[in-house]
Structure formats: structure tokens, C-alpha cells
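As a plain string of letters, each chain reads:
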Amino acid sequence: MMKSNLLLIVVASAAMLPGCDQGERQQAVEATQANAAADEQAVRAVNDRWLELIRNKDAVGISQLYAEDGAVMPQGEPIQRGREAIANWWGEMMAMPGYDLTFEEDLILFSSSGDMALDRGTYRFRATPASGPIEDAGKYVVVWRKIGNDWKVAADIFNSDRPASS
């Protein structure tokens, strides 16, 4: 999947360089490929860090992965805007007995400007509150924004694969 994303970026970059000779175009294409690969690795590294913070139940650490104006949009709940609200939400979730959450990206796409990305994947969730065990699986979309040299979560939305109750 990464190769097809890189190919689209490379073709678009080469088309935007009509005043350049073939050697300059090739250098620009190679630089674009290197930047796209580095950005994808950076987003994947933040996802790995996110999973580590979940295992450690570090809600404040997780909130720092979000942009200052970032938002988490959980299914059936109000939007949580800003790092303080996001830290509180994550803290409440992770305080559930038996809390366990994993996720895995299946696609990461970058904007042509290179400052935004879309990360799509799946998650699995388990908890054992007093009301009874919970198990869920679903999908998510995270919109990333590059701020300086760092990738930060601008928007995080997810929903269950279970049918909605009537």
C-alpha cells in the first residue's frame, strides 16, 4: 500500500516540475519519495508510542499526541476538544477494570502538501467493569496534522462494528 501512495506522490511531483531537466526531476522525485517514507514512518512511530501509553494507562501522555485544538469523537458521546478534555476522557476510559485497547492501521494517506495525513484502521477493546464484561471491535479514522516537525492528532473518530441498538 505504501508503494502505491508513494507512486501517486511521485507522479504528482514530477508533473509539477515542467521547467526542470530530467536530472532535476529525478532528484525532486527521489526527495519526495524520501519525505513521504519518512513521514509514514513518523506516523507509525507515534501510533506505536500511543499503544505503549495505552498499556501504561498514561492519559496525559496520550493527550500530548493530539494537537492543542485536537478532538476525540467517541461513538455515542460528546466530542472532547483540547488536551485537557482529551486527557480526562482517556483517563476515565482507562480507569475501567480490565481495560485493554489495541489498534492497527491499514492505510495511511498523505495530502499533496505533506502537512496532513489520514490514518484508517481497526481496533479491539475489552474491559471488565462491575456491570459485566465488554468486548468490542470496530474501525477508526485519525486525521494527522504536521506541526513543525511533529505529527499530531487533529481528529480521532471511531465506531463499533456491532449493530446499533434500537
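Just above, that's the structure.
Being a predicted model, the structure only gives us computed values, none of them experimental. (Residues numbered from 1 in each chain as written. Predicted model: local features only at pLDDT ≥ 70, side-chain atom pairs only at ≥ 80, totals over all residues. Heavy atoms only, no water.)

Go over the packing of aromatic side chains, please, and point to the residues and values.
All told, the structure shown has 10 aromatic pairs when counted by the stated rule. For the ring pair tryptophan 50 and tryptophan 144, a centre distance of 6.3 Å and an interplane angle of 85° mean the geometry is edge-to-face. Of this pair, tryptophan 50 sits in helix H2 (residues 22–55) while tryptophan 144 sits in strand E5 (residues 134–147), placing them 94 residues apart in sequence. Judged on exposure class, the residue tryptophan 50 and its partner tryptophan 144 are both buried. Pairing phenylalanine 110 with tryptophan 151 gives two aromatic rings, centres 5.5 Å apart and planes at 70°, and the pair type is edge-to-face. (Phe/Tyr/Trp six-rings, centres within 6.5 Å; stacked < 30°, edge-to-face > 60°. Helix = DSSP H or I, 4+ residues; strand = E, 2+ residues; numbered from the N terminus. Buried < 20%, exposed > 50% of the residue type's maximum accessible area, 1.4 Å probe, protein only.)

Would you mind going over the sheet that holds strand E2 (residues 80–81) in detail, with residue names and values included?
Pairing within the open sheet is mixed, and its 6 strands lie in the order E2-E1-E6-E5-E4-E3. Bordering the open sheet on either side are E2 and strand E3 (100–110), each of which pairs with just one other strand. Where E5 lies against strand E6 (residues 150–160), 10 bridges are found, and the strand directions are antiparallel. Along E6, the bridge assignment pairs lysine 146 with tryptophan 151. Running over the sheet, helix H4 (residues 83–94) touches strand E1 (66–73), E2, E3, strand E4 (116–127) and E6 and is turned about 45° from E1. (Pairing = 2+ DSSP bridges. Contact = heavy atoms within 4.5 Å. Axes fitted to C-alpha atoms, helices over the stretch in contact; angles between N-to-C directions.)

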